[in-house]
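Summary of the model geometry
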Amino acid sequence: MLTIIRKKTIVAIALFAVVALSIISGNSLIEKAIAQSNNQKVVMVTSADYPPYEFRDTASGNNEIIGFDVDIAKYITKELGLELSITDTDFNGIIPALQSKRADFAMAGMTPTAERKKNVDFSDIYYEAKNTIVSLKGSNLKTPADLSGKEVGVQLGSTQETAAKEFKNVKLKSLNKTSEIIQEVKAKRIEAAVIEDTIAKGFIANNPDLEFTTIPNVGEAGSAIAFPKGSTRVADFNRVLAQMKQSGEIDRLIKKWFENNGNPVATPTNSGFGFGKIASSIPYIIDGIKITLLFTLISAFFGFLWGVILSLFKISTLKPLQWFANAYTSVFRGTPLLLQIALVYYATPQIIGYNIPPLLAGVVTFTLNSGAYISETIRAGILAVDKGQAEAALSLGIPYKPMMQDIILPQGLKNILPALVNESIALLKDSALVSTIGVADLLRRAQIVGAEKYIYFEPLLFAGIVYYLLVMSLTWGGYALERRLQRSS
Ligand code: ARG
């Protein structure tokens, strides 16, 4: 009986996995096919955490990135007869994305610094912003000298970070997102932040407890478009930029995005607490559940299969198999998962030339990683099955494979079910790590809404509640399965 149920389940799960995998890789395959058949298509990479340069308009229901940079990119590509698509990543993922040719150009309010010029090419500067010091109202921090002895927040990998490194006697705290830096100032964990004026205006308008002062630009400043080294598009883009400056189009866009209170979309409603502030964006966040679940299920399925194989290696009598499985486990358990994701995502295009889509990179990493953990659990489960069972089977003349498949593994699996549920729970929560490579999962969506609305607490709390509910359902599902197996034994 158990065998029949098992076979059916395995077939069903395998079918599901195939369908799901083809969904994630299918989109990018189709995209690739289109790109190849028609080389007029260009991909722009950005970091949509930087209103009004680039951010997501989550309330409008479509997952669209808008802003000053986006308008310029649309104008230029239209002029050049190119078809534009936009992808999103963390700011410090932009240069790697260009280097691995994941994108044809980048616009992210990016300053052409000498250091960056070693790795990418830049267009002419299209806009020059000034840096500001943002601090709590009344703190009277107006010049770099005032920051002496203080802790100051900057965005990781930004020009503000470089500029602030020159300030005397300042302790820097580099964070991934501008909204996180502002939150740190508000929470008094740091005294000030160095942020661009255009961005600062938006935050100040939405946070009445903050103030900012503009400081003179030292060294490198201004925003330009970045291209992979040696790109042939730079001259064309420069030509259109010059045309835009001359015709007043750039000025029009500056007015549109920077002079409307520095904040074209969000309205200052940020005091107090309440989910009402993010109500219009809640469907957008909830949509992330699909991605989070899809991701978890596929990774759990393949991780489990891989774990079974590795555990069989470990208990096998063949030394090389044992050796491989043990070395494998030690590497994957011995290094951070976050590092493994970044490696798979950024190194795959460089090493094998395949532009692995973020979601697939996540699934691959999680399968490899959880296979290592699961193999240990399964090995323990197998060893816990009474030795007499294997001896009896062998003396009855049952060969190794059917013995493992029909006698030992089913019993072992039943024992380790709680541990497997545990592993799936860990996987579900760790899936949030894919937000770092730009997958719009639950966490990433919450962060995007935070960046758009200049609030941090409510979207994160909301995502936390959703994660918790998901984990609870998984736990109950696990109990139910356990009871069922107990009955059918
Ligand atoms: N202008 C600064 C730089 O080039 C900050 C840009 C940050 N952009 C962003 N989309 N987060 O480093």
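Rules used throughout
- Residues numbered from 1 in each chain as written.
- Predicted model: local features only at pLDDT ≥ 70, side-chain atom pairs only at ≥ 80, totals over all residues.
- Heavy atoms only, no water.
- Near = heavy atom within 4 Å.
- Polar contact = N/O pair within 3.5 Å; in protein donor to acceptor, adjacent residues only side chain to side chain.
- Nonpolar A, V, L, I, M, F, W, Y, C, P; charged D, E, K, R; others polar.
- Salt bridge = Lys/Arg side-chain N within 4 Å of Asp/Glu carboxyl O.
- Helix = DSSP H or I, 4+ residues; strand = E, 2+ residues; numbered from the N terminus.
- Buried < 20%, exposed > 50% of the residue type's maximum accessible area, 1.4 Å probe, protein only.
- Pairing = 2+ DSSP bridges.
- Axes fitted to C-alpha atoms, helices over the stretch in contact; angles between N-to-C directions.
- Parallel < 35°, antiparallel > 145°, perpendicular 65-115°, else oblique.
- Left-handed = near helix turned anticlockwise from the far one by under 90°.
- Contact = heavy atoms within 4.5 Å.
- Expected span 1.5 Å × (residues − 1).
- pLDDT = per-residue confidence, 0-100.

1. So, the site of the ligand
The environment of the ligand is made up of 15 residues, and the closest members are Ala-108, Gly-109, Thr-111, Arg-116 and Thr-159. One of the backbone N or O atoms of Ser-47 is found 3.1 Å from a nitrogen atom in the ligand. A per-class count over the shell around the ligand returns four nonpolar, seven polar and four charged.

2. Some thoughts on the pattern of salt bridges
For the structure on display, the rule yields 19 salt bridges. We note a salt bridge from Arg-56 to Asp-88, for which the minimum N-O separation is 3.1 Å. Note that Arg-56 is positioned in strand 2 (residues 55-56) and Asp-88 in strand 4 (residues 83-88), a separation of 32 residues in sequence. Each member of the pair, Arg-56 as well as Asp-88, carries the same accessibility label: buried. One salt bridge connects Glu-376 with Arg-379, and the closest N-O pair in it is separated by 3.2 Å. Of this pair, Glu-376 and Arg-379 both sit in helix 13 (residues 358-384), three residues apart, which is roughly one turn of the helix. Since its relative accessible area comes to 28%, Arg-379 is described here as partly exposed.

3. Structural notes on the pairing of strand 12 (residues 223-228)
Counting buried positions along strand 12 yields six of six residues, so the element is predominantly enclosed. As paired strands, strand 6 (residues 120-127) and strand 12 are joined by five bridges and run antiparallel to one another. The residue bridging Asp-121 from the neighbouring strand is Phe-227, located in strand 12.

4. Regarding the packing of helix 14 (residues 387-395) against helix 15 (residues 400-430)
Running from N to C, helix 14 and helix 15 point in directions that differ by 165°, and their axes come no closer than 11 Å. In terms of axis orientation, helix 14 runs roughly antiparallel to helix 15. The two elements helix 14 and helix 15 cross, and the hand of that crossing is right-handed. Contact residues: helix 14 offers Gln-389, Ala-390, Ala-393 and Leu-394, while helix 15 offers Met-403, Ile-407, Ile-408 and Gln-411.

5. Details of helix 2 (residues 68-79)
In this model helix 2 runs 17 Å from its N-terminal to its C-terminal C-alpha over twelve residues, within 8% of the 16 Å that 1.5 Å per residue would give. For helix 2, the complete set of buried residues consists of Phe-68, Asp-69, Val-70, Asp-71, Ile-72, Ala-73, Ile-76 and Thr-77.

6. Brief notes about the sheet that holds strand 10 (residues 192-196)
One open sheet holds the five strands; their spatial order is 9-8-10-7-11, and the pairing between them is mixed. Across the chains shown, the open sheet's two edge strands, defined by having one partner strand only, are strand 9 (171-175) and strand 11 (210-215). Each strand of the sheet is rotated relative to its neighbour by a mean of 30°, with strand direction disregarded. Contacts from helix 7 (residues 197-206) reach strand 7 (131-136), strand 10 and strand 11 within the one sheet, and its direction differs from that of strand 10 by about 120°.

7. Overview of the confidence of the model for the chain
A residue-level look at the chain finds 89% of positions with pLDDT of 70 or above and a mean pLDDT of 86. Across the chain, strand 5 (residues 105-106) holds the top mean pLDDT of 98, while helix 1 (residues 2-37) sits lowest at 53. Predicted confidence is poor over residues 26-37, with pLDDT under 50, and the contacts of this stretch with residues over four places away or in other chains come to five contacts.

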